[in-house]
Amino acid sequence: MNHQKREEIINYVKSNLQKREAAHDWQHIQRVLKLCKNISKNYTIKENVLFLAALLHDLKDYKFSQEEKDILSPKGLMQKFEIEQGIQNETLKIIDSISYKGGTNPPKTNCIEFKIVQDADRLDAIGAIGIARTFNYGGYKGNAMYDSQIPVRDKMSFEEYKNGKSTTINHFYEKLLLIKDLLHTPEAKKIAEKRHQFMLHFLKQFHKEWYVEID
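Residues numbered from 1 in each chain as written. Predicted model: local features only at pLDDT ≥ 70, side-chain atom pairs only at ≥ 80, totals over all residues. Heavy atoms only, no water.

Some words on the packing of aromatic side chains
Moving on, step 1. Tallying each qualifying case throughout the model produces 10 aromatic pairs.
Moving on, step 2. Their ring planes at 80° and their centres at 6.0 Å tell us that Phe135 and Phe202 sit as a pair that is edge-to-face. In this pair, Phe135 sits in helix 7 (residues 127-141) while Phe202 sits in helix 10 (residues 186-210), placing the two residues 67 residues apart along the sequence.
Moving on, step 3. A relative accessible area of 23% means that Phe202 is categorised as partly exposed.
Moving on, step 4. When the centroid spacing of 6.2 Å and the interplanar angle of 90° are considered together, the rings of Tyr146 and Phe206 count as edge-to-face. (Phe/Tyr/Trp six-rings, centres within 6.5 Å; stacked < 30°, edge-to-face > 60°. Helix = DSSP H or I, 4+ residues; strand = E, 2+ residues; numbered from the N terminus. Buried < 20%, exposed > 50% of the residue type's maximum accessible area, 1.4 Å probe, protein only.)

This is how it looks when you write it as structure tokens:
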């Protein structure tokens with residue numbers, strides 16, 4: 001894939017995601033691309049597959065599919081730009097495997113490019129950025145910040161994960177605190193450790209302030 005085609009694809013994604021809800025916007029894609037570059041340094045990778053999977057993984061997110069009917073799917077965009085069929089096939093397997101979906105999404109591939117992109121995407125879901133993204137999306141969806149009467153869900157189908165009632169704080173226990181142990185690469189695990197500890201510290205402080213526990 002030459003530089004011009006790469007830039008045209010980047011510009012398409014950027015123009016369509018710039019105004020999306022901030023947890024899944026163009027800035028998220030940029031961070032995932034940078035994390036992929038950092039993680040992949042020690043691996044032999046198919047660069048075009050890694051690049052396209054990271055760039056396109058949220059282009060047609062199920063969370064926004066009804067609001068963004070005019071955006072091309074990753075497959076449609078790669079066909080539009082005449083990406084080689086083999087690269088298309090590998091990229092789509094990765095994209096179809098990345099999403100958490102309540103822990104009910106078994107991967108369709110086990111290639112190193114998938115592991116790197118999924119690790120990068122999951123790293124951006126934790127730590128300070130993860131906290132900010134979680135509250136932004138929770139507000140976008142109209143979820144309560146916290147409600148002690150709404151229990152944390154430990155086992156869910158995809159439909160329950162997508163449509164069930166929960167809170168933003170519950171999401172930490174239902175997904176974000178699980179991520180550290182779901183990562184593939186040593187490089188991602190090292191980055192995740194500090195981010196995980198930051199979230200634990202935040203949650204401890206949140207609960208103290210929620211219940212007005214004064215030191």
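Considerations on the pattern of salt bridges
Between side chains of opposite charge, a pair can form as their charged atoms come close.
Moving on, step 1. Counting across every chain of the model gives six salt bridges.
Moving on, step 2. For Lys180, the salt bridge identified is with Asp181, shortest N-O distance 3.4 Å.
Moving on, step 3. Bridged by salt links that share partners, the residues Arg31, Asp124 and Arg133 form one connected network. (Salt bridge = Lys/Arg side-chain N within 4 Å of Asp/Glu carboxyl O.)

Section: the side chain of Glu187
Moving on, step 1. Position of Glu187 among the secondary structure elements: in helix 10.
Moving on, step 2. The buried charged residue Glu187 lacks any salt bridge partner; its closest oppositely charged side chain belongs to Lys189, at an N-O distance of 9.1 Å.
Moving on, step 3. Looking at Glu187, its side chain comes within polar contact range of the side chain of Tyr43, at 2.8 Å.
Moving on, step 4. The contacts of Glu187, once residues within four sequence positions are left out, are Ile39, Asn42 and Tyr43. (Lys, Arg positive; Asp, Glu negative; His and termini not counted. Polar contact = N/O pair within 3.5 Å; in protein donor to acceptor, adjacent residues only side chain to side chain. Contact = heavy atoms within 4.5 Å.)

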